[in-house]
Amino acid sequence: MVQTDALPVARSVAALRETVGGWRRQGFTVGFVPTMGALHEGHLTLVREAGRRADRVVASVFVNPTQFAAHEDLGAYPRQEAQDAELLAGAGCGLLFAPTVEEMYPAGATTTIRVGGPAEGLEGDFRPQMFGGVALVVAKLLNQVQADVAVFGEKDWQQLMVVRRLVRDLDIPTEIVGSPTTRDGHGLALSSRNAYLSEAELEIARRLNGVLAEAGAATAAGALLEVVERDAGEALLRAGFHKVDYVAVRRADDLAVFADGVADAPGRILAAAWLGRTRLIDNMATAAPT
């Protein structure tokens, strides 16, 4: 265990469990927020939500290599642990778990996890390694912390659905809570990758939310989803995005495709698009036509 000026930092699973075990012996409930660091107000909102639901909060900072492909930005992903620790302490976090790759994946580790259902399609098509890596690290973290509740952001809606499926299927006794996406004053979802954007790209990125809102309104009006998705993709290109990986409307609870081509239940419109070398994702709830 390392005591920094901001808050205690556990580098090992043993140190983590020692602190959490001490809290348990005092009768405290435990909340957990997993992150990859480079924290912003969106992350801190999750920490504060965990603090409302539990007596003590653990946050992890771990850039998980198993969810990055060889061509992705693992090496360039921003790392700022000291600043992150200060921000976490200010948001009410009681312990930072910041393990090394060797602590999380010791030599000889061979176990993998494959999640079907909500992991299929969308991000699963464009980043096929991602959800296997997410499932493995989340399963490990939930087992290591053994929290009563864990809070995930709704910005990564598909990931949230995958985690909920994982927890149900593996009987992990941690409640999974989704927290609404935190946005800037222009509606752009806060993301660590926003730091990669130039000023000109940032102006374009802020149009994503509006395009999704228009598509959501069309969905709620009963428009054919094929048309909604096509029109939204074209609108993103006109707005200045360089490439659109997908725009898709799915059932909100399991990300299944609507069978008849129109929404007949609450849905989620999800999108992934590129500005230069930066890939942005976002999503928005859609109402069923009345």
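Relevant structure appears above.
Computed from a predicted model, the values in this text were never measured in an experiment.

Asks: I'm lost on the packing of helix H1 (residues 13–25) against helix H6 (residues 130–145) in this one. Help?
Replies: The axes of two packed helices give the description: the angle between them and the distance between them. Close contact between H1 and H6 brings their axes to 9 Å; oriented N to C, the two are set at 45 degrees. Relative to H6, the element H1 lies oblique. Seen from H1, the contacting residues are Val13, Leu16, Arg17 and Val20; seen from H6, they are Asn143, Gln144 and Val145. Here the residues of the contact of H1 with H6 sort into 4 nonpolar, 2 polar and 1 charged.

Asks: Teacher, can you tell me more about the sheet that holds strand S10 (residues 278–286) here?
Replies: Strand pairing in a sheet is mediated by backbone hydrogen bonds. Such pairs are either parallel or antiparallel. Taken in spatial order, the 3 strands line up as S8-S9-S10 in an open sheet, and their pairing is antiparallel. The outermost strands of the open sheet, each flanked by one partner alone, are strand S8 (243–251) and S10. The sheet shows a mean angle of 10 degrees between the axes of neighbouring strands, direction not considered. Together, S8 and strand S9 (267–275) form the strand contacts of helix H10 (residues 225–239), whose direction differs from that of S8 by roughly 150 degrees.

Asks: Just to check I follow, could you spell out H1 for this structure?
Replies: An α-helical turn contains 3.6 residues, so a residue and the one three or four places further along point in the same direction. Under the 1.5 Å per step criterion, the end-to-end length of H1 is 18 Å for 13 residues, consistent within 8% with the ideal 18 Å. Buried residues of H1: Val13, Ala15, Leu16, Thr19, Val20, Gly21, Gly22 and Trp23, and no others. The positive-phi residue at the C-terminal boundary of H1 is Gly27, with phi of around 85 degrees.

Asks: What is the right way to read H10 from this model?
Replies: With 15 residues, H10 extends 21 Å between its outermost C-alpha atoms, agreeing within 8% with the 21 Å of an ideal straight helix rising 1.5 Å per residue. Taken as a whole, H10 has its buried residues at Leu225, Val228, Ala232, Gly233, Ala235, Leu236 and Ala239. End-on view of H10: buried residues confined to an arc of 160 degrees, all on one side of the axis. Of the exposed residues in H10, the ones pointing more than 90 degrees away from its buried face are Glu226 and Arg238. On its buried face, H10 sits against helix H8 (199–205), helix H9 (208–220), S8 and S9. Phi turns positive one or two residues past the end of H10, at Gly240, with a value near 120 degrees.

Asks: Whenever I open this one, the nonpolar core confuses me. Can you help?
Replies: For soluble globular proteins, the rule of thumb is that nonpolar side chains tend to be buried together. Formed by 48 residues in total, the largest nonpolar core has its most connected members in Leu16, Phe32, Val58, Phe97, Val138, Leu142 and Ile176. Within the residue set of this core, elements represented by two or more residues are H1, strand S3 (30–35), strand S5 (95–97), H6, strand S6 (149–153), helix H7 (157–169), S8 and S9. It is H6 that provides the largest number of residues to this core, a total of 11 residues. Leaving out residues up to four positions away in the same chain, Val138 has contacts with Phe152, Val163 and Leu166. Within the second largest apolar cluster, 27 residues are counted, among which are Ala232, Ala235, Val247 and Ala271.

Asks: Could you clarify how one ought to interpret the environment of Ala147 in this entry?
Replies: The topology assignment puts Ala147 in the loop between H6 and S6. The class for Ala147 is buried, based on a relative accessible area of 4%. Remark: the alpha-carbon pair of Ala147 and Ala200, spanning 53 residues in sequence, is separated by 42 Å. Aside from chain neighbours lying at most four places away, what touches Ala147 is Arg24, Val30, Gly31, Phe32, Leu142, Pro173 and Thr174.

Asks: In this structure, what is going on with the pattern of salt bridges? I would like to understand it.
Replies: Between side chains of opposite charge, a pair can form as their charged atoms come close. Within the structure shown, the criterion is met by 17 salt bridges. For Arg11, the salt bridge identified is with Glu81, shortest N-O distance 2.7 Å. Highlighted residues: Arg11 in the loop between strand S2 (8–10) and H1 and Glu81 in helix H3 (residues 81–90), separated in sequence by 70 residues. A salt bridge links Glu49 to Arg53, with the nearest nitrogen and oxygen atoms 2.5 Å apart. Taken together, the positions of Glu49 and Arg53, both in helix H2 (residues 41–53) and 4 residues apart, correspond to about one turn of that helix. Members of the salt-bridge network, linked through shared partners, are Glu49, Arg52, Arg53 and Glu175.

Reading guide: rules and limits
- Residues numbered from 1 in each chain as written.
- Predicted model: local features only at pLDDT ≥ 70, side-chain atom pairs only at ≥ 80, totals over all residues.
- Heavy atoms only, no water.
- Axes fitted to C-alpha atoms, helices over the stretch in contact; angles between N-to-C directions.
- Helix = DSSP H or I, 4+ residues; strand = E, 2+ residues; numbered from the N terminus.
- Parallel < 35°, antiparallel > 145°, perpendicular 65-115°, else oblique.
- Contact = heavy atoms within 4.5 Å.
- Nonpolar A, V, L, I, M, F, W, Y, C, P; charged D, E, K, R; others polar.
- Pairing = 2+ DSSP bridges.
- Expected span 1.5 Å × (residues − 1).
- Buried < 20%, exposed > 50% of the residue type's maximum accessible area, 1.4 Å probe, protein only.
- Arc of directions from axis to C-beta.
- Core = buried A, V, L, I, M, F, W, Y, C linked by side-chain atoms within 4.5 Å.
- Salt bridge = Lys/Arg side-chain N within 4 Å of Asp/Glu carboxyl O.

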